[in-house]
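Structural characterization, general
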Amino acid sequence: MSEPGAGQSSGLAGRTVLMSGGSRGIGLAIALRAARDGANVALVAKTAEPHPQLPGTIYTAAAEIEVAGGHALPIVGDVRSDESVAEAVRRTAAEFGGIDIVVNNASAIDLAPAADISMKRYDLMQDINARGTFLLSKLCIPWLRKSPAGHILTLSPPLNLDPRWAGAHLAYTMAKYGMSLTTLGLAEELRADGISVNSLWPRTLIATAAVQNLLGGTAATSRSRTPDIVADAAYVVLTRRGTGEFLIDDEVLAEAGITDFSQYRLAASEADLAPDLFLESL
């Protein structure tokens, strides 16, 4: 493993982050953690108007980023559109003078088995998860090459080829593994440029709108950790790590000397936590 970024000053002050999604949940938590250092954070997302079942919009997220100490640029856009993503990249670089970090956070989920899932939902997941990650990463490469701290961080799982995952929800597995394959390939392609490319995945369920609405409601969130654990792990990755790694949030924090995870736990005890998808156990 090479070590792009070795010797850089710590922290994200003055760095420019371009994130897909970020109106709520894990993405917003990562954005706020970067903002506390004084980072510039551009968010490209579709959520311009309040949703009846989902908290926050791109504009409320931007306001929170500013309050936290960062500089925000909310961009209404769609990661499925080549033109929309190109415009987001252009606007971010024009506003802040470049792009240092790409966070591929936008993702769609549907755990229906292959026999039941509609092709519309299949296409949605492929377009947002796999294609959107590839597209945003690809279009930012020229700017990342100019940065002294270029980094692509994708919220996707380790490439676990145990057939249980593909057998349970093939369409979603293919879409998420497409994100992870983008990490694998770009880490190698961009190694000589000194650009770090990594994936990060939570050990446990995380209390997000997706978990609440799609993965079990209150019963699932009561066995979860908060988005802050992923945000704190992402911060460590973006300030200290090398390239080509598939990282788990609590392992990253443990290596950084943080071993008490009770501050992140919504479950009654560690034993009550539920492992996230694609991981064999806690």
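See the structure shown above.
In this report, the structure presented in the accompanying data block is examined.

Rules of the game
- Within each chain, residue numbers correspond to sequence positions counted from 1 in written order.
- This being a predicted model, a pLDDT of at least 70 is required before a residue's local features are given, and a value of 80 or more before pairs of side-chain atoms are given or counted; all residues contribute to the totals for chains, interfaces and linings.
- In computing side-chain values, all of the structure's heavy atoms are included and hydrogens and water are not.
- Cavities and pockets were defined on a 1 Å grid built from protein atoms only: a cavity is a group of points that admits a 1.4 Å probe but offers it no way out, a pocket is an open group of points flanked by protein on both sides within 12 Å along at least five of seven lines, and a lining residue is one with an atom within 4 Å of any such point.
- Grid points are joined across faces, edges and corners, and a volume is the space filled by probe spheres set on the points.
- Here a helix means four or more residues in a row that DSSP labels H or I, a strand means two or more in a row labelled E, and each is numbered from the N terminus.
- Any two strands between which DSSP finds at least two bridges are classified as paired.
- Axes here mean lines fitted to C-alpha atoms, for a helix over just the part in contact, with angles spanning 0 to 180 degrees between N-to-C directions.
- In this analysis, two residues are considered to be in contact whenever any of their non-hydrogen atoms come within 4.5 Å of each other.
- Helix span, as expected, comes to 1.5 Å for every residue beyond the first.
- Each residue is assigned to one of three classes by its accessible area relative to the maximum for its type, calculated with a 1.4 Å probe on protein chains only: buried under 20%, partly exposed between the two thresholds, exposed over 50%.
- The arc in question is formed by the directions pointing from the helix axis toward the C-beta atoms.
- The salt bridge criterion pairs a side-chain nitrogen of Lys or Arg with a carboxyl oxygen of Asp or Glu, the two atoms within 4 Å.
- Under this grouping Gly is polar, as are all residues other than the nonpolar Ala, Val, Leu, Ile, Met, Phe, Trp, Tyr, Cys and Pro and the charged Asp, Glu, Lys and Arg.
- Centre distance within 6.5 Å is the pairing criterion for rings of Phe, Tyr and Trp, where only the six-membered ring of Trp is used; planes under 30 degrees apart are then read as stacked, over 60 as edge-to-face, and the remainder as tilted.
- Whether a charge sits over a ring comes down to the Lys NZ or Arg CZ being within 6 Å of the ring centre and within 35 degrees of the ring normal.

**Points about empty space enclosed by the protein**
Within the structure shown, the criterion is met by two cavities of 30 Å³ or more. In this structure, the second largest cavity encloses a volume near 30 Å³. If you go around the second largest cavity, the residues you meet are Leu12, Ile30, Arg33, Ala34, Ala231, Ala234, Tyr235 and Leu238. Where the lining of the second largest cavity is concerned, the elements lending two or more residues are helix 1 (25-35) and helix 9 (228-240). If you tally residues by element for the lining of the second largest cavity, the top one is helix 9, at four residues.

**Describing the sheet that holds strand 7 (residues 246-248)**
Spatial strand order, 3-2-1-4-5-6-7: seven strands in an open sheet with parallel pairing. Edge positions in the sheet fall to strand 3 (71-76) and strand 7, since each has one partner strand and no second. Within the sheet, the average angular offset between the axes of one strand and its neighbour, ignoring direction, is 20 degrees. For strand 6 (residues 196-201) and strand 7, the ladder comprises three bridges, and the chain directions are parallel. Each bridged residue has a counterpart across the sheet, and for Ser199 the counterpart in strand 7 is Phe246. Sheet strands in contact with helix 3 (residues 82-96) are strand 1 (16-20), strand 2 (40-45) and strand 3, and its direction is about 155 degrees off that of strand 3. Against the sheet, helix 6 (residues 170-189) engages strand 4 (101-104), strand 5 (151-155), strand 6 and strand 7, with an angle of about 150 degrees to strand 6.

**Observations concerning helix 3**
In this model, helix 3 (15 residues) spans 21 Å end to end at C-alpha, consistent with the 21 Å of a helix rising 1.5 Å per residue. Listing the buried residues of helix 3 in full gives Ser84, Val85, Ala88, Val89, Thr92 and Ala93. Buried residues of helix 3 fall within an arc of 165 degrees about the axis and therefore sit on the same side. Away from its buried face by more than 90 degrees, helix 3 exposes Glu83 and Ala94.

**A word on the pattern of salt bridges**
Where charged atoms from two side chains of opposite charge approach closely, those side chains can pair. In the structure shown here, the tally under the stated rule is 14 salt bridges. A salt bridge links Asp193 to Arg145; its shortest N-O distance comes to 3.2 Å. Linking Asp193 in the loop between helix 6 and strand 6 with Arg145 in helix 4 (residues 119-146), this pair joins segments that are 48 residues apart in sequence. According to the relative accessible area criterion, Arg145 is partly exposed, its value standing at 46%. Here Arg164 makes a salt bridge to Glu280, at a shortest N to O gap of 3.4 Å. Of this pair, Arg164 sits in helix 5 (residues 163-168) while Glu280 sits in the segment after helix 10 (249-255); the two residues are 116 residues apart in sequence, bridging distant segments of the chain. According to the relative accessible area criterion, Arg164 is partly exposed, its value standing at 44%. Among the residues examined, Glu280 registers a relative accessible area of 44% and is labelled partly exposed.

**A word on the layout of surface pockets**
A volume near 1,400 Å³ is recorded for the largest pocket. Surrounding the largest pocket, 45 residues form its lining, Arg24, Ala106, Ser107, Ala108 and Ala210 being those nearest its centre. When residues of the lining of the largest pocket are assigned to their parent elements, the largest contribution, five residues, is made by helix 7 (residues 209-214). For the lining of the largest pocket, the class distribution of residues is 24 nonpolar, 13 polar and eight charged.

**Notes on unusual backbone geometry**
Located in the positive-phi region is Phe278, a residue other than glycine, with phi close to 75 degrees. Tracing the sequence through the fold places Phe278 in the segment after helix 10.

**Focus: the packing of aromatic side chains**
Evaluation of the coordinates by the stated rule reveals four aromatic pairs. Ring centres of Tyr172 and Phe278 lie 6.0 Å apart, and the angle between their planes is 25 degrees; on these two criteria the pair is classed as stacked. Of the two residues, Tyr172 is situated in helix 6 and Phe278 in the segment after helix 10; the sequence distance between them amounts to 106 residues. For the pair Tyr172 and Phe278, a shared accessibility class is recorded, and that class is buried. An aromatic cluster is present here, built from Trp165, Tyr172, Tyr177, Trp201 and Phe278 joined pairwise through their rings. Directly above the ring of Tyr235 sits Arg33, whose terminal nitrogen or CZ lies 3.7 Å from the centroid.

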